[in-house]
Amino acid sequence: MAPKKAKKKTTESGSNVFSMFEQSQIQEFKEAFTIMDQNRDGFIDKGDLRDTYAALGRLNVGNDELDEMMKEAPGPINFTIFLAMFGEKLKGTDPEETILNAFKIFDPEGKGVLRGEEIKYHLMSQADKFTEDEVNQMFTNFPLDVAGNLDYKNLCYIITHGEEKEQE
């Protein structure tokens, strides 16, 4: 009876990982996994990470940095582990609509952008106050447009989907 229980638990934990995502998201993760699994052995290892970075144009990735990335996984990184790691990173992220509604409070005209200086002020003066370095890091990752505005609709999309929306 005990082995049956253990098997059931394994099945449940595996299915929970897949139930965290929609089928289309799982397919996107599978494509990303396949691209990163450079040697096509079904696992992402340190060599695969180095090759992936090289394919993206970053040739000087240090062994320490790669080792730190590999330590984030509980063991060899197959697709299920890869999916679980993304699930863990994304856990706690509010739905896109919730994040958009929070930004809309500062955008009563519904333009989809906020003045960079205004959002900086609010982030540094209210609730969980950001430091200037944290605000600057955010603006580095999500640059203001030429008019000094933050496109919060695109920011919300990236936060919840992990990539920019394709231009239609």
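Just so it is clear, the structure is predicted and the values come from calculations on it, not from any experiment.

(A) The arrangement of the environment of I159 in detail. For I159, the position within the fold is in helix α9 (residues 152-161). Considered as a pair, I159 and E96 are 63 residues apart in the sequence and their alpha carbons are 7.9 Å apart.

(B) Looking closely at the packing of helix α7 (residues 116-125) against helix α8 (residues 132-141). Remark: α7 packs on α8, axes separated minimally by 10 Å, with the N-to-C direction vectors making an angle of 140°. Classified by the interaxial angle, the pair formed by α7 and α8 is oblique. Taken as a pair, α7 and α8 cross one another with a handedness that is right-handed. Taken together, the residues of α8 that come into contact with α7 (itself represented by G116, I119, K120, L123 and M124) are E132, V135, N136, M138 and F139. Residues of the contact of α7 with α8, tallied by class, amount to 6 nonpolar, 2 polar and 2 charged.

(C) The arrangement of the packing of aromatic side chains in detail. Counted according to the given criterion, the structure contains 4 aromatic pairs. Geometrically, the ring pair formed by F33 and F79 is edge-to-face, given 5.7 Å between the ring centres and 75° between the ring planes. Separated by 46 residues along the polypeptide, F33 in helix α2 (residues 23-36) and F79 in helix α5 (residues 79-90) bring together distant segments of the chain. A relative accessible area of 3% means that F33 is categorised as buried. Between the aromatic rings of F103 and Y152, the centroid separation amounts to 5.3 Å while the plane-to-plane angle is 15°, which identifies the pairing as stacked. A residue pair is termed long-range when its members are at least 10 positions apart, and F103 in helix α6 (residues 96-104) and Y152 in helix α9 qualify at 49 residues. Here the aromatic cluster, defined as three or more aromatic residues joined through ring pairs, consists of F33, F79 and F82. Between R58 and the ring centre of Y53, over which it is positioned, the NZ or CZ distance is 5.0 Å.

(D) Here's a closer look at α9. Within α9, burial applies to Y152, L155, C156, Y157, I158 and T160. Tucked inside the fold, the buried residues of α9 contact α6, β1 (113-115) and β2 (149-151). Between a side-chain oxygen at the N-terminus of α9 and the backbone nitrogen of K153 the separation is 3.3 Å; the capping residue is D151.

So, how was this worked out
- Residues numbered from 1 in each chain as written.
- Predicted model: local features only at pLDDT ≥ 70, side-chain atom pairs only at ≥ 80, totals over all residues.
- Heavy atoms only, no water.
- Helix = DSSP H or I, 4+ residues; strand = E, 2+ residues; numbered from the N terminus.
- Axes fitted to C-alpha atoms, helices over the stretch in contact; angles between N-to-C directions.
- Parallel < 35°, antiparallel > 145°, perpendicular 65-115°, else oblique.
- Left-handed = near helix turned anticlockwise from the far one by under 90°.
- Contact = heavy atoms within 4.5 Å.
- Nonpolar A, V, L, I, M, F, W, Y, C, P; charged D, E, K, R; others polar.
- Phe/Tyr/Trp six-rings, centres within 6.5 Å; stacked < 30°, edge-to-face > 60°.
- Buried < 20%, exposed > 50% of the residue type's maximum accessible area, 1.4 Å probe, protein only.
- Lys NZ or Arg CZ within 6 Å of the ring centre and 35° of its normal.
- Polar contact = N/O pair within 3.5 Å; in protein donor to acceptor, adjacent residues only side chain to side chain.

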